[in-house]
Amino acid sequence: MKDEDAHNEENKSSFVPLILAAGVAVFLLGLVVYTPILIAGLIIIAAGLFKLFKEGASEKFAQRKKADEEDYPMESVSNEKLGLWIFLTSEILIFGSLIVAYLYVRVSSGSWPIASQTHNVLLGMTNTIILLTSSLTMILGLYFIRLGNVGRLKICLGGTFALGCSFLAIKLGIEWPTLIHNGFTINSGLPASTYFVLTGLHAVHVAVGLVAVGYLMFRAYTGGFTSTNHVAVENIGLYWHFVDIVWMILFPLFYLI
Amino acid sequence: MPGIKLYVGIWLGLVIATVMEVVVRSLPGTASLIVLVIGLIASAKAIAIALYYQHLRYDGIRLSTLPLAAIVGIVFLAVSAAMTISMGM
């Protein structure tokens, strides 16, 4: 039995975290040094993601059943979900720190532009409703796959993907170019730099979420999910809802107050 | 497992709350009161998503301690920042 466990553990080892970490390091180096290095970093990240998709699709990371005492105090929570929540906790710290930094410079500054004069409230509200709807389609996808309805899961995932793309299209295709055209650039002062850093970081998270939803769609269309095997839908859903929550805080901060 | 009606109901509530935020912004009143009301609505929306869409309501209090611990840390940071500002003024 011990030999079998050791064999299983050996099979689960993966170079993917190393490849992704190296890709991010090369990407960030390229960001400040030389554009071709940045592209090389993106290629390494893409290769890492491809390998991750491949290994995930083959269920390489499926966990063996453990004794309850090994899971204390989270007996009712799977390893995958616990790992995801630990990751989300670190994300709360990242976004929380940046939001507090934003509030600090805003309160400390003598003057600050009125939100509605700088940003388009209607576009902000539209994007908020788009993200809320994408969260609804995501949770409905989980609901349907729990019932074993793969067809409706595909529809829901397609809806989530389309809504996420719409959010980014409005943000990066309409809002940002308009702001930059009006002289509100990342170099034009603290109100602009804090806006672009926070909404830019959020947009990166949405883009990552879209890649993850794309992976779910690939698995849904290749018969990867059943009523009893859908842990990826639940966990990527948790990430997607987190990105939604962050926007619920950023929207009033930048558009309303 | 929660049903479709609950999920759609929560979504409807969140959309209404979003419209309310925008409406409150243009109501007459002191700036601090408007900021407080908008802040409360935004927090309620975030909590609703975490409880019902992320299923924290059904996963037990132990799992909730993880995000709560991070939020406590952020509140501590915010209080520290506020104290720094008040001491400087």
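Fair warning: this is a prediction, and the values are worked out from it, not measured in the lab.

What to know about the overall build of chain A
Consideration 1: The helix and strand inventory of chain A stands at 10 helices and 0 strands.
Consideration 2: Tracing chain A from N to C terminus, the helices and strands come up as α-α-α-α-α-α-α-α-α-α.
Consideration 3: The long-range share in chain A, meaning contacts at least 24 apart out of those at least 6 apart in sequence, stands at 74%.

Quick look at the overall build of chain B
Consideration 1: Per the secondary structure count, chain B includes 4 helices and 0 strands.
Consideration 2: The C-alpha radius of gyration of chain B comes to 17 Å, more than 25% above the 12 Å expected for a compact globule of 89 residues.
Consideration 3: The principal-axis extent of the C-alpha atoms belonging to chain B is close to 50 × 35 × 10 Å.
Consideration 4: The proportion of buried residues among the 89 residues of chain B is 19%.

Here we look at the environment of K54 of chain A
Consideration 1: Relative to the helices and strands, K54 of chain A resides in helix α3 (residues 35-57).
Consideration 2: Residue K54 of chain A is classed as exposed on the basis of its C-beta count, with 11 C-beta atoms lying within 10 Å.

Side note on the domain arrangement of chain A
Residues and elements named next belong to chain A.
Consideration 1: If you check the domain split of chain A, you get domain 1 (1-62) and domain 2 (67-256).
Consideration 2: For domain 1 and domain 2, the distance between their C-alpha centres works out to 23 Å.
Consideration 3: Contacts between the two partners involve 4 residues from domain 1, matched on the other side by 6 residues from domain 2.
Consideration 4: Grouping the constituent residues of the side of domain 1 that touches domain 2 by class yields 3 nonpolar, 1 polar and no charged.

Quick word on the interface of chain B and chain A
Consideration 1: On the chain A side, the residues contacting the 35 residues of chain B number 37 residues.
Consideration 2: Secondary-structure elements contributing two or more residues to the side of chain B that touches chain A are α1 (4-25), α2 (31-53) and α4 (61-88) of chain B.
Consideration 3: Looking at the side of chain B that touches chain A, the element that brings in the most residues is α4 of chain B, giving 13 residues.
Consideration 4: For the side of chain B that touches chain A, the per-class residue count stands at 26 nonpolar, 4 polar and 5 charged.

With respect to the packing of helix α8 (residues 150-181) of chain A against helix α9 (residues 190-221) of chain A
Residue and element names in this part refer to chain A.
Consideration 1: Interaxial distance between α8 and α9 falls to 9 Å at its minimum, and their mutual angle equals 155°. Taken as axis vectors, α8 and α9 run roughly antiparallel relative to one another. Here α8 and α9 pass one another in a crossing that is left-handed.

Observations regarding the environment of P252 of chain A
Consideration 1: By the element assignment, P252 of chain A lies in helix α10 (residues 231-256).
Consideration 2: Separated by 95 residues in sequence, P252 of chain A and L157 of chain A have C-alpha atoms that sit 28 Å apart.
Consideration 3: Look past the residues within four positions of P252 of chain A in its chain and what remains in contact with it is I257 of chain A together with E21, I38 and A42 of chain B.

What about the domain arrangement of chain B?
One frequently used descriptor of interface size is the decrease in accessible area upon assembly of the parts.
Consideration 1: Per the domain assignment, the segments of chain B are domain 1 (1-54) and domain 2 (60-89).
Consideration 2: In this structure, domain 1 of chain B and domain 2 of chain B have C-alpha centres spaced 22 Å apart.

Digging into the packing of helix α2 (residues 16-32) of chain A against α3 of chain A
Residue and element names in this part refer to chain A.
Consideration 1: Across the interface, α2 lies against α3 with an axial gap of 7 Å and an inter-helix angle of 160°. On the basis of their axis angle, the class for α2 and α3 is roughly antiparallel. For α2 against α3, the interelement crossing comes out left-handed.

Considerations on the confidence of the model for chain B
Low pLDDT marks stretches whose predicted atomic positions should not be read closely.
Residue and element names in this part refer to chain B.
Consideration 1: Taken residue by residue, chain B gives an average pLDDT of 91. The fraction at 70 or more is 98%.
Consideration 2: Ranking the helices and strands of chain B by mean pLDDT puts α1 first, with 95, and helix α3 (residues 56-59) last, with 87.
Consideration 3: We note a pTM of 0.86 for the whole complex and an ipTM of 0.94 for its interfaces.

Some details on unusual backbone geometry
Consideration 1: Not every positive phi belongs to a glycine, and H55 of chain B is a case in point at roughly 65°.
Consideration 2: Mapping H55 of chain B onto the fold places it in the loop between α2 and α3.

Basis of the calculations
- Residues numbered from 1 in each chain as written.
- Chains lettered and ligands numbered in written order.
- Predicted model: local features only at pLDDT ≥ 70, side-chain atom pairs only at ≥ 80, totals over all residues.
- Helix = DSSP H or I, 4+ residues; strand = E, 2+ residues; numbered from the N terminus.
- Contact = placed C-beta atoms within 7 Å.
- Rg over C-alpha atoms; globule rule 2.2 N^0.38 Å.
- Buried ≥ 20, exposed ≤ 12 C-beta atoms within 10 Å, placed from the backbone.
- Domains from an automatic or database assignment.
- Nonpolar A, V, L, I, M, F, W, Y, C, P; charged D, E, K, R; others polar.
- Axes fitted to C-alpha atoms, helices over the stretch in contact; angles between N-to-C directions.
- Parallel < 35°, antiparallel > 145°, perpendicular 65-115°, else oblique.
- Left-handed = near helix turned anticlockwise from the far one by under 90°.
- pLDDT = per-residue confidence, 0-100.

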